[in-house]
Amino acid sequence: MHLRCSTHILNLIVAEGLKEYHQSISKIRNVVRFIRSSPSRTQKFKAYAEREKISSNKLLCLDVVTRWNSTFFMLEAAEKYEKVFDRLELHDAQYIHEFCLSESKTCPSSIDWEYARYFIKFLKVFHDATLTFSGSLYVTSNNFLRQLCLIHTQLQAWRDSKDLFLKIMAENMKKKYDKYWGNYETINPYLFVSILLEPRHKERFLRYCFVVLFGEFKVNELVVKVRNYLHSLYEEYKLLYGNDVEVTDVVNDEKDLEVDIEVDARQVFDSGYMRILKDNTFVECKTEVDLYLLESCENPENESFDVLD
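Residues numbered from 1 in each chain as written. Predicted model: local features only at pLDDT ≥ 70, side-chain atom pairs only at ≥ 80, totals over all residues. Heavy atoms only, no water.

1. What about the overall build of the chain?
In terms of regular secondary structure, the chain is built from 14 helices and zero strands. Of all intrachain contacts in the chain linking residues separated by at least 6 positions in sequence, the fraction that spans at least 24 positions is 75%. For the chain, the accessible surface area stands at approximately 17,100 Å², while carbon and sulfur atoms represent 51% of it. (Helix = DSSP H or I, 4+ residues; strand = E, 2+ residues; numbered from the N terminus. Contact = heavy atoms within 4.5 Å. Areas by Shrake-Rupley, 256 points an atom, 1.4 Å probe, with all protein chains shown as cover.)

2. Structural notes on a nonpolar patch on the surface
Nonpolar side chains collect at one region of the surface, where Y237, L239, L240 and Y241 lie side by side and expose about 570 Å² of accessible area between them. Looking at the secondary structure, you find Y241 in helix α12 (residues 219-241). Residue class for Y241 comes out exposed when judged on its relative accessible area of 59%. (Patch = residues over 30% accessible without salt bridge, like charges linked within 9 Å, V, L, I, M, F, W, Y side chains within 5 Å. Salt bridge = Lys/Arg side-chain N within 4 Å of Asp/Glu carboxyl O. Buried < 20%, exposed > 50% of the residue type's maximum accessible area, 1.4 Å probe, protein only.)

3. Quick word on the pattern of salt bridges
In total, this model carries 20 salt bridges according to the counting rule given. Across the pair E114 and R117 runs a salt bridge, and its minimum N-O distance is 3.7 Å. On the criterion of helical spacing, the pair formed by E114 and R117 is a turn pair, its members being three residues apart in helix α7 (residues 110-133). Residue classification places E114 among the partly exposed residues on the basis of a relative accessible area of 38%. With a shortest N-O distance of 2.6 Å, D178 and K174 are connected by a salt bridge. Linking D178 with K174, this pair stays in helix α9 (residues 164-181), spanning four residues, or about one helical turn.

4. Some points on the packing of aromatic side chains
Counted by the stated rule, this structure contains 16 aromatic pairs. Through a chain of ring-to-ring contacts, the aromatic side chains of F45, Y81, F85 and W113 assemble into a single cluster. The ring centre of F34 lies 3.9 Å from the NZ or CZ of R41, which sits over that ring. (Phe/Tyr/Trp six-rings, centres within 6.5 Å; stacked < 30°, edge-to-face > 60°. Lys NZ or Arg CZ within 6 Å of the ring centre and 35° of its normal.)

5. Considerations on the layout of surface pockets
Left-over empty space is what a probe sized like a water molecule reveals as it rolls over the atoms. Volume-wise, the largest pocket comes out at about 660 Å³. Going through the elements one at a time, α8 (144-159) and α13 (265-277) are the ones with two or more residues in the lining of the largest pocket. A total of five residues in the lining of the largest pocket trace back to one element, the largest contributor, which is α13. (1 Å grid on protein atoms, 1.4 Å probe; cavity = no way out; pocket = protein on both sides within 12 Å on 5 of 7 lines; lining within 4 Å. Points joined across faces, edges and corners; volume = space filled by probe spheres on them.)

6. Details of unusual backbone geometry
Unusually for a residue other than glycine, K53 sits at a positive phi of about 60 degrees. Its place among the elements puts K53 in the loop between α3 (39-51) and α4 (68-78). The phi angle at K202 is positive, at roughly 60 degrees, despite the residue not being glycine. For K202, the location among the structural elements is in helix α11 (residues 202-214). Residue classification places K202 among the buried positions, given a relative accessible area of 2%.

7. Some points on the packing of α7 against α8
Interhelical geometry of α7 versus α8 gives an angle of 170 degrees and a closest axis separation of 10 Å. If you check the angle between α7 and α8, you find them roughly antiparallel. Judged by residue contacts, K121, F122, V125, F126, D128, A129, T132 and F133 of α7 engage F144, Q147, I151, Q154, L155 and W158 from α8. Each residue belonging to the contact of α7 with α8 can be placed in one class, and the counts come to nine nonpolar, three polar and two charged. (Axes fitted to C-alpha atoms, helices over the stretch in contact; angles between N-to-C directions. Parallel < 35°, antiparallel > 145°, perpendicular 65-115°, else oblique. Nonpolar A, V, L, I, M, F, W, Y, C, P; charged D, E, K, R; others polar.)

8. Some thoughts on the environment of R117
Overall, R117 belongs to the partly exposed group, its relative accessible area being 31%. Aside from chain neighbours lying at most four places away, what touches R117 is E79 and E82. A distance of 3.0 Å separates the side chain of R117 from the side chain of E79, its partner in a polar contact. A polar contact is formed between the side chain of R117 and the side chain of E82, at a distance of 2.4 Å. (Polar contact = N/O pair within 3.5 Å; in protein donor to acceptor, adjacent residues only side chain to side chain.)

9. With respect to α8
Between its first and last C-alpha, α8 extends 22 Å over 16 residues, near the 22 Å set by a 1.5 Å rise per residue. Most of α8 sits inside the fold, with 13 of its 16 residues counted as buried. (Expected span 1.5 Å × (residues − 1).)

10. Section: the packing of helix α2 (residues 22-36) against α4
It is at 11 Å that the axes of α2 and α4 come closest, and there the two elements cross at 70 degrees. Relative to α4, the element α2 is oriented roughly perpendicular. Residues I25, I28, R29 and V32 of α2 pack against T71, M74, L75 and A78 of α4. A per-class count over the contact of α2 with α4 returns six nonpolar, one polar and one charged.

Shown next, in the form of structure tokens:
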């Protein structure tokens, strides 16, 4: 079964959001390149930063145009020095000649720096998700759904924003997001199965995520599909390694989930799930798999938990 590269999809989503505002990024890239191209300019820049009492420890870095995460690092460092670049615009002859008197290049305006802060806010969400998806020293599949929910929640909040800039950028990114992750059928189902096999999450977390992503009316249908995938895997395993263990059926008393969509997606998502986790009425059990799902989850806040241990 085909499994798309999540980091590649993130790259496509981010590129869609930034493509209409590349001029502001190009202006900042040009002035950063100008400073970094000469040791004397770098020293003069540091001196101006001291005069402006800028205490940032981040050094100017130049991005690679085809790698948006490097653009994130560049903007994150450069925007803290906006006042320094403004000072150069007034007092540095080389800078004035290069950007103020040139027809092909211009120095960043206050609007460009404001755009940069928006870009940083956007890119931080996707940068964190990329780090999670691309980990090589730990299992990543069980972290996919949580990151997907955070991205979905953040995009939805920005689409509902009164700020036109955020709204337009989020709309562009959401279109690309929907193409690859907008419905259940476009996502490899075994990424959902991995949630059931995660001792800290299991079915409650899966249901909670489905509410966030697809709405309450689809939850039961989608959970049944995922459970069927898990049971089919279990049946194959049972044929090779052992017999099924039958246990007593228990009535399922399902409680509807409520999810508030706020800009601080991580806090809202995590606090919402912790409320669901405290509800002890969720029970269902038929096979050894069901028995496993019925057991209490491990503490989801335990960051040192090793899913393979």
